[in-house]
Number of protein chains: 2
Amino acid sequence: MAETVNIKRLAQELNISIATVSKALNDSYEISLKTKNRVWTLAKELNYTPNPAASNLRSHKTKTVAVVIPCVANNFFSLSIKGIEEIARQYGYHVLIYQTHENIEAEVAFTNSLLSGRVDGILTSVSSSEYNSEYYTNLVKKIPLVFFDRVYENLDAVKVTTDDYEIAFEATVHLIECGCTKIAYLYGLENLPAGKARFAGYADALKAHQLEVSEQLVVKYSDDEETNLQQIKTLLQVHQPDALFSSIEEFIIPAYCACKELCLQIPSAVKILSFSNLSTAPLLNPSLTTITQPAFEIGREAAKCLFKILHNKQLDDEQNIVLKSMLIKRDSTAC
Amino acid sequence: MAETVNIKRLAQELNISIATVSKALNDSYEISLKTKNRVWTLAKELNYTPNPAASNLRSHKTKTVAVVIPCVANNFFSLSIKGIEEIARQYGYHVLIYQTHENIEAEVAFTNSLLSGRVDGILTSVSSSEYNSEYYTNLVKKIPLVFFDRVYENLDAVKVTTDDYEIAFEATVHLIECGCTKIAYLYGLENLPAGKARFAGYADALKAHQLEVSEQLVVKYSDDEETNLQQIKTLLQVHQPDALFSSIEEFIIPAYCACKELCLQIPSAVKILSFSNLSTAPLLNPSLTTITQPAFEIGREAAKCLFKILHNKQLDDEQNIVLKSMLIKRDSTAC
DNA sequence: TTTAATTACGTAAACGTTTTCGCGTGGCCA
DNA sequence: TGGCCACGCGAAAACGTTTACGTAATTAAA
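Residues numbered from 1 in each chain as written. Chains lettered and ligands numbered in written order. Predicted model: local features only at pLDDT ≥ 70, side-chain atom pairs only at ≥ 80, totals over all residues. Heavy atoms only, no water.

**Description of the packing of aromatic side chains**
All names here are of chain A.
Working step 1: Applying the stated criterion across every chain, the model contains 38 aromatic pairs over all chains.
Working step 2: For the pair Phe-199 and Tyr-202, a centre-to-centre distance of 5.5 Å together with 45° between the ring planes defines the contact as tilted. With Phe-199 and Tyr-202 both in helix H9 (residues 193-208) and three residues apart, the pair spans about one turn of that helix.
Working step 3: According to the relative accessible area criterion, Tyr-202 is buried, its value standing at 0%.
Working step 4: An aromatic cluster of at least three residues, connected via ring pairs, comprises Tyr-185, Tyr-187, Phe-199, Tyr-202, Phe-245 and Phe-275. (Phe/Tyr/Trp six-rings, centres within 6.5 Å; stacked < 30°, edge-to-face > 60°. Helix = DSSP H or I, 4+ residues; strand = E, 2+ residues; numbered from the N terminus. Buried < 20%, exposed > 50% of the residue type's maximum accessible area, 1.4 Å probe, protein only.)

The structure is reproduced here in C-alpha cells:
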C-alpha cells in the first residue's frame, strides 16, 4: 500500500509489459478483452490512478481547460462557471479559473502562461478596460479558444453571445410604452461589442419612436462606486430623466441609492430597468425589471463548443451562437 | 519561431548543458550570475516558458491547488474563491475548481482524483448532505488540506471558520431586544458544525432570556425550493412566530415570498434576519438585517494557511482560525 | 608546496506515461 | 506446403524537466 502504484507496478504483478498495461487502460483495440479485464481489475484493486503529469507530458493533452474572466464574484460569471463546470465534468475535464479584475495586463499574462501546454483550451470573457484585438488575433492561432458574452469580433474563433441589441431595443420600447420620454442610459462595457450593441438597441428604439438620443442622458461606468453614485445623482437632478436603463448589474445599487437619497419614487417618478442576473431582483424595493441573460446556458454552450473543437468534431454551420435573454417586467417599470 | 523552445534549445544556442540552463532558470546558487544572465535574456528573447507537465513529473510539484466547494453560484463561495485566487496569484499558484453540488459522492470522487499528483493541496468547504468523517480522517494524511467555513472537526487539519455561535447568539438577542418572543429558526447545514453552532447560539440566547426553544418553530432546509416556501408558510400560519432567523441565504427568497403571500408585514408583523452575503440586502423590500460573513477574507486566510503548509512554514500556534462575522441591522428587524 | 575547500558546470538517470515499430503465433486460403 | 494476414503483445524511445553526483579549475587553508 505504501508502494506507489503505477503502470510499472501493474505490469510486474501481471507479468506483462508496461506497454500492454497502458494500452489496456486506454482500451486499445490491440489488447484482448481477457488481458484488459485482468488489468482493469488489478488497477481497481490497487486503486491505481494515472499520473496526470506523465500523461500530459507524453500525450500533449491535459484534460484541462482554463476559464479567464473578470471576476467570479459576479452573478453572471459565477453562473457561467457553474455551466462550464457541469459540461467539463461530463467530458472528464478539469477547470482552471483566472480572474483578470478587468485588467488587460493580467489577462494577457494569464493567457500567455497557459500556452505552454498547461491547458487544452480556453474559455474567456474578456476585460472591458481595453480592446486589444491584435493580441487575440494571434492567440486564437495558438490554442483553441471560445469567447463567451464579452467577445472579440472578426476573429477566427467561436463566440457565444446573447441578443444584446434586440433585447435592449425591446426593453427600451417597454419603457416608452410605459410613457417614458426621457430615458437615461447607464453605459457599461463601452469598449466591447456587447456594450455597444446594448447602447445601439437603446438608441435605435428611441429613434424609432421619434425620441432624441442625448449624450447628456448617458452616464458611463467608473471603477469607483462613489463616482457612479454621484454621477447618477447629478444626472437625476440636472436632467430629470423619467427612466434609467442600466446596461450592467453594477449600476443597480447606486441607481436605487440615488433615487432614495433624492426622494424620487420608483417607478412613479423614475422607472428603472437593468441587465442583471440577480436572484433577488424580485425582492428589491421595488422589485426590479431586468434583462436576464441565460448565464448558465451560456457557460454550457461555450464549454460544449470548446469540447467539440478539442475533439475535432465539426462545428455547426457557423461560429456564432446567440442565445436569447429575457425581459422580466416587474414593479420598477410599472406604468 | 516555429521550433518549440525548450531547455534543450536554450542549451544548444548558448553552448552549455541543459542542466546548467535548468539551474540558471531556477536561480540556483550553483550557477554564476554571468551565466544566469545569459540564460535569462535568451529565455526572454525566445519567449521560453517551461513545460509544466515535465516539471511536475520530475519535481512532484504542480504549483496548483484545488478548491472543492458545493457551488460557485453562491455569494459566499464566489467571494471566497475571489480571495483564494488573489492569494494564489501572489504565490504563483493555479486554481482548479470543483463543484460538489452538495453531493458527497461527487465530493469523494473529486478529492480522490486529486490524489494522483494533480495538485499540491486542497481547499475545501464540505458538502452538507452527510458527515463522512472517516473519509477525511484518511484524506488529510495523504495531502495538505485546509477546510474553510464548512469544516470537519477533530481532524489533523487547519480550519478557517467564523464565530457562528457568538454571532447567532448576538443576532438572537437583537431580535429579543426588538420585542420578539417567538422566534422561528430556519435551519440549514444541520449536519455540519457551522449549522449546529448557529442553532446552538440561537437556542442558548433564547434560554438566556427565559424563552422556550421549540421544535415546532424550526424549519429544516430542503433541496426543493417549493418545499421550503410551503414549510415557511405553514410555520407562519400555524405557529405565528414574530421573527424568522434564517441560518442560510437560501431561505431569504422563500421567507420574503411567504410573508408577501400571507400579507404579513415585515418587520411589523414578523421580523426577518439571515446569514447572508447578498450585496443587495440593503435594497430588499424591506432592507434585510444580515449576519455577513467575511467571505473574501475567509478565502484569503484559508489560502494563506495552505501555502504556509506547502512551504513548510511554521503555522501559528493553533490550527483554527476564527474570523468575525458582522451583524448588520436594517429595516427587516426594525423595532 | 601540499591539501582541502569552493565554485561553476556537465553527465546521466529519473519522473510515469504514450506510441511507434516490430515480432511471433495461429488461422486461413490457394 | 507455402504464403499472407490478423491478432496480441513487447521493446524501446520519447515527452521536457529536475537533480544526484562527478569533475575540473580556482581559491583558501595549512
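**Considerations on the protein's contact with DNA strand D**
Working step 1: As a matter of local geometry, DNA strand D sits amid 26 residues, with Thr20(A), Lys23(A), Glu30(A), Thr35(A) and Arg58(B) nearest to it.
Working step 2: Within 4 Å of the protein, the contacting atoms of DNA strand D are 56% sugar and phosphate, with bases supplying the remainder.
Working step 3: Interatomic distance of 2.8 Å between a backbone N/O atom of Ile7(B) and a phosphate oxygen of DNA strand D.
Working step 4: A distance of 3.4 Å separates a base nitrogen of DNA strand D from a polar backbone atom of Ala54(B).
Working step 5: Going through the elements one at a time, helix H2 (18-25) and helix H4 (52-59) of chain A together with helix H2 (18-25) and helix H4 (52-59) of chain B are the ones with two or more residues in the surface near DNA strand D.
Working step 6: Of all the elements, H2(B) adds the most residues to the surface near DNA strand D, at four residues. (Near = heavy atom within 4 Å. Polar contact = N/O pair within 3.5 Å; in protein donor to acceptor, adjacent residues only side chain to side chain.)

**Looking at the interface of chain B and chain A**
Working step 1: On the chain A side, the residues contacting the 42 residues of chain B number 41 residues.
Working step 2: Of all residues in chain B, His94(B), Arg118(B) and Leu283(B) bury the most surface against chain A, accounting for 16% of the area lost on that side.
Working step 3: Remark: the boundary between chain B and chain A carries zero salt bridges.
Working step 4: Between chain B and chain A we count 11 residue pairs in polar contact (both at pLDDT 80 or more) in total.
Working step 5: No other element matches helix H5 (residues 75-91) of chain B, which puts seven residues into the side of chain B that touches chain A.
Working step 6: A breakdown of the residues in the side of chain B that touches chain A according to their chemical character gives 22 nonpolar, 16 polar and four charged. (Contact = heavy atoms within 4.5 Å. Buried area = accessible area lost by both parts, 1.4 Å probe. Salt bridge = Lys/Arg side-chain N within 4 Å of Asp/Glu carboxyl O. Nonpolar A, V, L, I, M, F, W, Y, C, P; charged D, E, K, R; others polar.)

**As for the relation of the copies chain B and chain A**
Working step 1: Relative to chain A, chain B is turned by 180° and slid 0.0 Å along the rotation axis, the superposed coordinates differing by an RMSD of 0.0 Å. Look at the turn and shift together and you get a two-fold axis relating the two. (Least-squares fit on C-alpha atoms with pLDDT ≥ 70 in both.)

**Observations regarding the protein's contact with DNA strand C**
Working step 1: Around DNA strand C, 25 residues are found, and the nearest of them are Arg58(A), Thr20(B), Lys23(B), Glu30(B) and Thr35(B).
Working step 2: Restricting attention to atoms of DNA strand C within 4 Å of the protein, one finds that 52% of them are sugar or phosphate atoms.
Working step 3: In the model, a phosphate oxygen of DNA strand C is placed 3.4 Å from a nitrogen or oxygen of the Asn51(A) main chain.
Working step 4: When contributions to the surface near DNA strand C are tallied by element, the ones reaching two or more residues are H2 and H4 of chain A together with H2 and H4 of chain B.
Working step 5: When residues of the surface near DNA strand C are assigned to their parent elements, the largest contribution, four residues, is made by H2(A).
Working step 6: When grouped by side-chain class, the residues that make up the surface near DNA strand C number 10 nonpolar, nine polar and six charged.

**Notes on the sheet that holds strand E12 (residues 326-328) of chain A**
Residue and element names in this part refer to chain A.
Working step 1: Taking strand neighbours across the sheet as the criterion, the six strands line up as E7-E6-E8-E9-E10-E12 in an open arrangement whose pairing is mixed. The open sheet terminates on both sides in strands that have one partner only, identified here as strand E7 (218-220) and E12. The mean angle between the axes of side-by-side strands here comes to 15°, regardless of whether they run parallel or antiparallel.
Working step 2: The sheet contact formed by strand E6 (residues 183-187) and E7 spans three bridges and is parallel. Note on E7: the bridge partner recorded for Leu-186 is Val-219.
Working step 3: Contacting E6, strand E8 (243-246) and strand E9 (271-275), helix H11 (residues 252-261) runs over the sheet at an angle of about 170° to E9. (Pairing = 2+ DSSP bridges. Axes fitted to C-alpha atoms, helices over the stretch in contact; angles between N-to-C directions.)

**Considerations on the environment of Tyr256(A)**
Working step 1: Of note, Tyr256(A) is situated in helix H11.
Working step 2: Each C-alpha atom, one on Tyr256(A) and one on Ile266(A), is 8.5 Å from the other, the two residues being 10 residues apart in sequence.
Working step 3: Tyr256(A) has contacts with Ile266(A), Ile272(A), Leu284(A), Asn285(A), Pro286(A), Ser287(A), Leu288(A), Ser332(A) and Leu283(B), leaving out every residue within four places of it along the chain.
Working step 4: In terms of polar contacts, Tyr256(A) uses its side chain to reach the backbone carbonyl oxygen of Pro286(A), at 2.7 Å.

**A closer look at the sheet that holds strand E10 (residues 289-292) of chain B**
Residues and elements named next belong to chain B.
Working step 1: With mixed pairing, the six strands of this open sheet are ordered in space as E7-E6-E8-E9-E10-E12. The strands lining the two open edges of the sheet, one partner per strand, are strand E7 (218-220) and strand E12 (326-328). For this sheet, the mean inter-axis angle between neighbouring strands, taken without regard to orientation, is 15°.
Working step 2: Where E10 meets E12, three bridges bridge the pair, whose relative direction is antiparallel. What sits directly across from Thr-292, in E12, is Met-326.

**Regarding the nonpolar core**
Working step 1: Core analysis: the largest hydrophobic core is formed by 97 residues, its most contacted members being Tyr136(A), Phe147(A), Leu244(A), Tyr136(B), Phe147(B) and Leu244(B).
Working step 2: By size, the runner-up hydrophobic cluster in this structure holds 54 residues, among which are Ile87(A), Val95(A), Phe148(B) and Ala295(B). (Core = buried A, V, L, I, M, F, W, Y, C linked by side-chain atoms within 4.5 Å.)

**As for the packing of H2(B) against helix H3 (residues 33-45) of chain B**
All names here are of chain B.
Working step 1: Remark: H2 packs on H3, axes separated minimally by 9 Å, with the N-to-C direction vectors making an angle of 85°. Classified by the angle their axes make, H2 and H3 are roughly perpendicular. Contact residues: H2 offers Thr-20, Val-21, Ala-24 and Leu-25, while H3 offers Thr-35, Lys-36, Val-39, Trp-40 and Ala-43. (Parallel < 35°, antiparallel > 145°, perpendicular 65-115°, else oblique.)

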